[in-house]
Amino acid sequence: SPPLFPAAPAFLARACAPGMAAAGYGRIVTTASLQSALAFPNSLPYAAAKSGVLGLTRALAEAYSPAHGYEGITSNAIAPGFVQTELTASVFADEPRARQLAARTIAARNSTPADLAGAAVFLCSPASAYVNGQTLYVDGGFTALGHR
């Protein structure tokens, strides 16, 4: 449900904040979308909700910052491309559409859940300590590719 997209991570972050504060370390990773940056037909509620996730991600980065007594907590978003999952089964069942979407990426293919793992590991690791309030597009270059 689109209204849950920004609300659920906000509630979860608030619930986890005391433990992250006590540990002096925490990582908040939200899930954005291609539609956080691009308009798609017939998708107004989803696009609005996923755009809201980006604002929430930045607000969480500020709220759980040293300015408010928190140390070691970051908040970032992963924005996946078209990922083959149960939720997107209808998209991938339409083979011409799936091929068309893959052709819109620099990688020339659609995503699998495994493609997101490295980004999540990075954003949850100490290596991302100075990355905060950002969105990492893991979309095979979909958002970077202009017109071919």
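Just so it is clear, the structure is predicted and the values come from calculations on it, not from any experiment.

Rules and cut-offs
Residues numbered from 1 in each chain as written. Predicted model: local features only at pLDDT ≥ 70, side-chain atom pairs only at ≥ 80, totals over all residues. Heavy atoms only, no water. Helix = DSSP H or I, 4+ residues; strand = E, 2+ residues; numbered from the N terminus. Buried < 20%, exposed > 50% of the residue type's maximum accessible area, 1.4 Å probe, protein only. Contact = heavy atoms within 4.5 Å. Areas by Shrake-Rupley, 256 points an atom, 1.4 Å probe, with all protein chains shown as cover. Pairing = 2+ DSSP bridges. Axes fitted to C-alpha atoms, helices over the stretch in contact; angles between N-to-C directions.

This part is about the overall build of the protein. What the protein contains, in helices and strands, is five helices and three strands. Reading the protein from its N terminus to its C terminus gives the helix and strand order α-β-α-β-α-α-α-β. Dimensions of the protein, computed from C-alpha atoms along their principal axes, come out at roughly 50 × 30 × 25 Å. Every one of the 148 residues in the protein was classed for burial, and the buried ones make up 37%. Considering only contacts within the protein whose residues lie at least 6 apart along the sequence, 73% involve residues at least 24 apart. Split by element, the accessible area of the protein, about 8400 Å² in all, is 63% carbon and sulfur.

So, on to the sheet that holds strand β1 (residues 26–31). Taken in spatial order, the three strands make up an open sheet running β1-β2-β3, and their pairing is parallel. What marks the edges here is a single partner per strand, and that holds for β1 and β3 (135–138). When the angles between neighbouring strand axes are averaged without regard to direction, this sheet yields 25°. Direction of pairing for β1 relative to strand β2 (residues 73–80): parallel, over a ladder of six bridges. Following the sheet pairing, Ile-28 is matched in β2 by Ser-75. Contacts from helix α2 (residues 44–63) reach β1, β2 and β3 within the one sheet, and its direction differs from that of β2 by about 160°. Against the sheet, helix α5 (residues 114–124) engages β1, β2 and β3, with an angle of about 165° to β2.

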